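Close look at the chain arrangement
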Amino acid sequence: MDLPTLLGRGEEQDVLKRAVTDARLGSSRVVLLTGEPGIGKTALLDWSSELARSQGMEVLSARGIESEAEAPFGGLLELLRPALDELDRIPAAQADALRSALDLGPTAPRDRFVIGAATLNLLSVRSENAPILVVVDDAHWLDDSSLAALLFAARRLLVDPVAVIFAARSGEAPALEAARLSDLRLNGVDPEAAAGIVARHAGSAPTREAVERLGRATAGNPLALVELSSSADLGDGAGDDLLEIETSVAEVYARRIENLAESTRRTLALAAAEESGRLDWIGAAADQLGLPLFELEAAERVGLISISFGSLSWRHPLARSAAYRGTSAGDRRAMHAALAGAVGESGTDRRAWHRAAAVLGTDEEVAAELERAAKRARSRSAYAAAATAATRAAQLSPDENARTRRLYLAAEAAWLGGDAKRALSNLDLALSDATDTRMRAEIQHLRGQALIRAGEVMAAHAILIEGAEAIEAIDPSKAVVMLAEATDACVYAGRPEAMLAPARRARELLPAGAGERERFFASLALGTALIYDGQGDEGTSLLREAVTVLEASDALSGDPRLLSAAALGPLWLREAETGTSLIDRAIELARRDGALGTLPFALALAGRDAATSDRWAIGRGLYEEAIELARETDQAMPLASALAWLASILARQGESEASEACASEALALAEAHGLGLVRVWGLDPPAELELALGRLETAVERFEGKRRALADLGLTDPDLSPTPELVEAHVRSGSSDGLTASVKEFAAQAEGKGQPWALARLARCRGLLADAAGFQDEFETALTLHGATRDGFERARTRLCFGERLRRAGQRVRARDQLRAALDAFDGLGAAPWAERARTELLATGETARRRDPSTLDDLTPQELQIGLLLAGGQTTREAAAKLFLSPKTIEYHLRNVYRKLEIHSRDELARELAEADSGSPRGTA
């Protein structure tokens, strides 16, 4: 089937044809069409749809409508309606969430991203019947919840036979423009195409000069060319008149409307106020206002609207806008009141919005109806729609307390929808009106949580303490939780001096018979604060108490956020087994329920656990997934942390450019959000790389910079101290004088903490500085202590330093034993700069070490390794897809790559190959 070429759009049609063809052949494509109104976006979507149908593809379509922008998931329902019979083929949790969102089943609020995952899987299974083209016109007017779900799905399409084309006005769809989609920007057509358009639509043959002037006046906008050429005399004598033609298409529509009879204009404005186009509703409202519905025929004759099958559609959104704005504000309110009565119970939420538009001033009855609409939207996970409805309800509220409550409802919905800025704006308004102590505390609590998510951690700390102090007399349990969260806010800010007081106060406030939630928070907060303060023994005991409460509670142990928080403290203590079990459960729950909001932090912690053992490849995969999801959910703290930690692995493996990029971004985020601890982490990778490469002077400078940063923050945790690295650098450069004070300070910190990881590094320092008679005992002590940890990299560094010292002491045979073990460990981790240093030292003993052949596992991307671990662990393709928020076809695509790179053919072989990469369970993939 040959489709016509649109005038002036040959290149754009080629791009869209490739997207459609690629999808038909199994490669997903996503295109964003942008341009001004009338530039031809809809024409290209229609052409693409016809092309897809001609090739046997199914077309799923939706169109954003300005008045429908707050209808919860209205656009998504329109788009997916033909595919809903496939719901039973996607994971049950996702299917239930989608039914709830689309009001097709029991409602229950869920993480907003699970709707996107469900949309992805529904498109994927539907495409097994026939390739699919998804077209979304006027996407800038699509309701926020629908757009978020579609964008989530579109970004994850890879090898499904699905193409997606969005069309939106330039500058009016920030979410689309921020999604980094392939952007096809439409400009005006060239003069030749403009002449063709004018000739096709002009009432008489235009002169060449007239066409050229019209082309210049409209900048080649096709709709402007059509409307102006059909509304003006373009004959030979029209040249001078063209200069006075108004080029605004909206003005052309407005002039057409002005030429209609007054009764027709009013009826047309009524139709514009009810943009659903339902003639039964419009007709009922017209009867109330005494307007004859047949008047619309005159508007149809002049090309403003078309009527068919009981519905009305507009020639262009600008025509509807011109009709609506062409009547007075008082008339518009009367029209909305009539429409509210016409809609009745059959469109509850629409009726509420019509009633709201009819109000002049405040109205409690209407505000209450809008509040109910907000709660219905929230129950379906349509958080953006809920926030908008609640905000409007607050504006209509005559009572101050009701207004405050509704602003809080709006803020809570915006927070759940991931819009921290909108949440904070509503909370600020609510706080200015709030007089009730309990409500003020709730507002401050949510403000603090929103600021932590946004990365403004110390501002959150102050707000949470202020709110807790105000509420503690009437609700000490609430105050305990707020003080604990205020303590937690300080962790990533690196502000130990601000932690102990609120943590101790939280513990003191625990009422007799306190609930498990309050006991958990109080124990966790004080345990964390004590560890930060160097009181490791008492802190450890409290953390274990918190974990005991958590594990004994069905309610608490089902919250992935609490599980992740409880795991953080043990990880600092390097008691990885306790922390890891909690992290695994947090990730399992978050993946099962689609709770992407909690996943970045949990994944980053799981990556940290893997990276501080000998599972660096797994750590990289977890970090990269955490980074991707943190960007998507706009969470600065887990993003900055994962970037800094990934930079450390990359530096140790010698990937200097990638490491520098990650560390630089982490440092920029830390600076912007006051994340002092993350800044310390971000200073590590470049310093460690310099040390590994033997650039000792630069390494010393950078580690000294880290020492100053720690001193500025007052952080004394020995695990953060650069003293062991400074000792090593100075000893290697032959300038170890003046280190006594630093080592003494570090010794006090490590011995005070009493944990084997820090004590092993202390013993290594002493071994490097000891005299010839004592160094061996110190290194042997260090290696014994390393045996109580899972950090193979640190153990290998100690062996390297021990081997170097033995070689210099003339004990070459013993040196070789240590250096071989170090080299094997570095090679196994892929720590290339460190392996090269060990190989050089081994050569100096008279032994040549063959360079290790890179493992085929090194060829796997982090995502391929993640997928391989899930599948090797017994997950099905669909289960793995659900856990990683990908489509099953994408999982299969990556699995084929894994098989090819590893030269294997079965999952049994895959399990055997990956067992070496993961000496324990596949952390973070459960």
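Residues numbered from 1 in each chain as written. Predicted model: local features only at pLDDT ≥ 70, side-chain atom pairs only at ≥ 80, totals over all residues. Heavy atoms only, no water.

1. Digging into the side chain of Ser124
Mapping Ser124 onto the fold places it in helix α5 (residues 113-126). Note on Ser124: relative accessible area 0%, which makes it buried. With residues up to four places along the chain from it excluded, the contact list for Ser124 reads Asp160, Ser887, Pro888 and Lys889. (Helix = DSSP H or I, 4+ residues; strand = E, 2+ residues; numbered from the N terminus. Buried < 20%, exposed > 50% of the residue type's maximum accessible area, 1.4 Å probe, protein only. Contact = heavy atoms within 4.5 Å.)

2. Notes on helix α41 (residues 792-808)
In this model, α41 (17 residues) spans 24 Å end to end at C-alpha, consistent with the 24 Å of a helix rising 1.5 Å per residue. Judged by how many residues are buried, α41 sits mostly within the fold: 13 of 17 residues are covered. (Expected span 1.5 Å × (residues − 1).)

3. Considerations on the sheet that holds strand β3 (residues 132-137)
Spatial strand order, β2-β3-β4-β1-β5: 5 strands in an open sheet with parallel pairing. Two strands lie at the open edges of the sheet, namely β2 (58-63) and β5 (182-185), each paired on one side alone. Neighbour-to-neighbour, the strand axes of the sheet open up by a mean angle of 20°, direction not taken into account. Bridging between strand β1 (residues 29-35) and β5 involves 4 bridges; their strand directions are parallel. What sits directly across from Leu33, in β5, is Leu184. (Pairing = 2+ DSSP bridges. Axes fitted to C-alpha atoms, helices over the stretch in contact; angles between N-to-C directions.)

4. Some thoughts on empty space enclosed by the protein
In this structure the tally under the stated criterion is 4 cavities of 30 Å³ or more. In this model, the largest cavity occupies a volume close to 50 Å³. Reported here for the second largest cavity is a volume of approximately 40 Å³. Lining the second largest cavity are Ile452, Val457, Asp488, Ala489, Tyr492 and Met637. The dominant element in the lining of the second largest cavity, judged by the number of residues it contributes, is helix α25 (residues 476-493), at 3 residues. Tallied by class, residues from the lining of the second largest cavity come to 5 nonpolar, no polar and 1 charged. (1 Å grid on protein atoms, 1.4 Å probe; cavity = no way out; pocket = protein on both sides within 12 Å on 5 of 7 lines; lining within 4 Å. Points joined across faces, edges and corners; volume = space filled by probe spheres on them. Nonpolar A, V, L, I, M, F, W, Y, C, P; charged D, E, K, R; others polar.)

5. Quick word on the packing of helix α17 (residues 329-343) against helix α18 (residues 348-358)
At a minimum axis separation of 7 Å, α17 and α18 run at an interaxial angle of 155°. The orientation of α17 relative to α18 falls into the category roughly antiparallel. Of the two elements, α17 crosses α18, and the hand of that crossing is left-handed. Contact residues: Arg333, His336, Ala337, Leu339, Ala340 and Val343 in α17; Arg350, Arg351, His354, Arg355, Ala357 and Ala358 in α18. When the residues that make up the contact of α17 with α18 are grouped by side-chain class, the tally is 6 nonpolar, 2 polar and 4 charged. (Parallel < 35°, antiparallel > 145°, perpendicular 65-115°, else oblique. Left-handed = near helix turned anticlockwise from the far one by under 90°.)

6. Concerning the environment of Ala43
Residue placement: Ala43 occurs in helix α2 (residues 41-54). Taking the C-alpha atoms as reference points, Ala43 and Phe601, 558 residues apart in sequence, are found 44 Å from one another.

7. Some details on the packing of aromatic side chains
In total, this model carries 14 aromatic pairs according to the counting rule given. Both rings, one in Tyr623 and one in Trp645, keep their centres 6.1 Å apart while their planes meet at 40°; by these two values the pair is tilted. Taken together, the residues Tyr623 in helix α32 (residues 616-632) and Trp645 in helix α33 (residues 636-652) connect sequence positions 22 residues apart. Trp645 matches Tyr623 in its accessibility class, with the two residues each being buried. Ring centres of Phe793 and Phe826 lie 5.9 Å apart, and the angle between their planes is 65°; this geometry places the pair in the edge-to-face category. One end of the pair, Phe793, is in helix α41; the other, Phe826, is in helix α42 (residues 812-829), with 33 residues separating them in the sequence. For the pair formed by Phe793 and Phe826, the shared burial category is buried. Taking the ring centre of Trp281 as reference, the NZ or CZ of Arg278 above it sits at 3.9 Å. If you follow Arg805 out to its NZ or CZ, it ends over the ring of Phe775, 4.4 Å from the centre. (Phe/Tyr/Trp six-rings, centres within 6.5 Å; stacked < 30°, edge-to-face > 60°. Lys NZ or Arg CZ within 6 Å of the ring centre and 35° of its normal.)

8. Brief notes about helix α34 (residues 656-673)
The first and last C-alpha atoms of α34 sit 26 Å apart over 18 residues, in line with the 26 Å expected at 1.5 Å per residue. For α34, the set of buried residues is Ser659, Cys662, Ala663, Ala666, Leu669, Ala670 and His673. On an axial view of α34, the arc spanned by its buried residues comes to 125°, and they lie on one face. In α34, the exposed positions angled more than 90 degrees off the buried face are occupied by Glu657, Glu660, Glu671 and Ala672. In this structure, the buried residues of α34 make contact with α23 (437-454), α24 (457-471), α33 and α35 (676-692). Gly674 occupies a position one or two residues after α34 and carries a positive phi of about 70°. (Arc of directions from axis to C-beta.)

9. Focus on unusual backbone geometry
Both trends apply: most residues other than glycine have a negative phi, and most peptide bonds are in trans. The backbone phi angle of Asp103 is positive, close to 60°, even though this residue is not glycine. Following the sequence through the fold, Asp103 ends up in the loop between α4 (92-101) and α5. In the Ramachandran plot, Glu903 falls in the positive-phi region, its phi being about 55° despite a non-glycine side chain. Here Glu903 lies in the loop between α46 (888-902) and α47 (907-915).

10. Some words on the nonpolar core
In this structure, Phe166, Leu176, Tyr492, Phe520 and Phe826 are the most contacted members of the largest nonpolar core, which totals 233 residues. Element by element, the count of residues in this core is highest for α25, at 12 residues. (Core = buried A, V, L, I, M, F, W, Y, C linked by side-chain atoms within 4.5 Å.)

11. Quick word on the pairing of β1
Burial analysis of β1 places 6 of its 7 residues in the buried class, the great majority of the element. The pairing of β1 with strand β4 (residues 162-169) spans 7 bridges and is parallel. Among the inter-strand pairings, Thr34 is bridged to a residue of β4, identified as Ala168.

12. Some thoughts on the state of the cysteines
Per the stated rule, a full pass over the model turns up 0 disulfides. We note that Cys801 lacks a disulfide partner, and the nearest cysteine sulfur, in Cys765, lies 9.0 Å from it. Look at Cys801 and you get buried, because its relative accessible area is 1%. (Disulfide = S-S within 2.5 Å.)

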